[in-house]
Amino acid sequence: MGKVYYSISEVAELLGVRQSTLRYWEQEFPVLRPKKNRAGNRAYREKDLKTALIIKRLLHDEGHTIDEARKLLRDNKFLKGLLERPLEELMAPSDLLSYIRRELEGLLEWVRSW
């Protein structure tokens, strides 16, 4: 997707969830551990973003409980297989369209600033 690190606000917007939801998932799912910078702000890498997308899919789209999702994510083959997929394949179509729109708006701003 082009970035090395994403802020919690960017990830929340991309997934369509609240920042508090992401922080809650970090407590419930040991596999979701974004790094923190010197100021203590979360810096999500692509792996973290993919993991959050997988958690959202398991909980929101497939209707698993937190315990069920946690057990699935403990299965290294299950998780590794999903993490190897391109980010775009893990995103819901509506989330992907929202992301593309934001990226295009950013490019348009950049072009206008020339």
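Figured I'd write up the structure that's included with this text. Quick caveat: nothing in here was measured; it's all calculated off a predicted structure. (Residues numbered from 1 in each chain as written. Predicted model: local features only at pLDDT ≥ 70, side-chain atom pairs only at ≥ 80, totals over all residues. Heavy atoms only, no water.)

**Things to note about helix H4 (residues 66–74)**
Line of reasoning, step 1. Among the residues making up H4, those that are buried are Ala69, Arg70 and Leu73. For H4, the buried positions fall inside an angular range of 100° around the axis, keeping them on one side. Looking at H4, the residues exposed on the side facing more than 90 degrees away from the buried face are Lys71 and Arg74.
Line of reasoning, step 2. Contact partners of the buried residues in H4: helix H2 (19–28), helix H3 (46–61) and helix H5 (76–83). (Buried < 20%, exposed > 50% of the residue type's maximum accessible area, 1.4 Å probe, protein only. Helix = DSSP H or I, 4+ residues; strand = E, 2+ residues; numbered from the N terminus. Arc of directions from axis to C-beta. Contact = heavy atoms within 4.5 Å.)

**Quick look at the packing of helix H1 (residues 8–15) against helix H7 (residues 93–112)**
Between two packed helices, what matters for the description is the angle formed by their axes and the separation of those axes.
Line of reasoning, step 1. As a packed pair, H1 and H7 sit with axes 8 Å apart at the nearest point and diverge in direction by 130°. Accordingly, the angle class assigned to the pair H1 and H7 is oblique. For the pair formed by H1 and H7, the contact residues are Glu13, Leu14 and Leu15 on the first element and Asp95, Tyr99 and Arg102 on the second.
Line of reasoning, step 2. A class-by-class count of the residues in the contact of H1 with H7 yields three nonpolar, no polar and three charged. (Axes fitted to C-alpha atoms, helices over the stretch in contact; angles between N-to-C directions. Parallel < 35°, antiparallel > 145°, perpendicular 65-115°, else oblique. Nonpolar A, V, L, I, M, F, W, Y, C, P; charged D, E, K, R; others polar.)

**A short note on the environment of Glu68**
Line of reasoning, step 1. For Glu68, the location among the structural elements is in helix H4.
Line of reasoning, step 2. For Glu68, a relative accessible area of 39% corresponds to the partly exposed category.

**As for the layout of surface pockets**
Line of reasoning, step 1. Estimated volume of the largest pocket: approximately 160 Å³.
Line of reasoning, step 2. Lining of the largest pocket is provided by Lys3, Tyr6, Glu10, Glu13, Leu14, Tyr99, Arg102 and Glu103.
Line of reasoning, step 3. Put simply, the parts of the chain that give the lining of the largest pocket at least two residues each are H1 and H7.
Line of reasoning, step 4. Tallied by class, the residues present in the lining of the largest pocket amount to three nonpolar, no polar and five charged. (1 Å grid on protein atoms, 1.4 Å probe; cavity = no way out; pocket = protein on both sides within 12 Å on 5 of 7 lines; lining within 4 Å. Points joined across faces, edges and corners; volume = space filled by probe spheres on them.)

These figures capture arrangement, not role.
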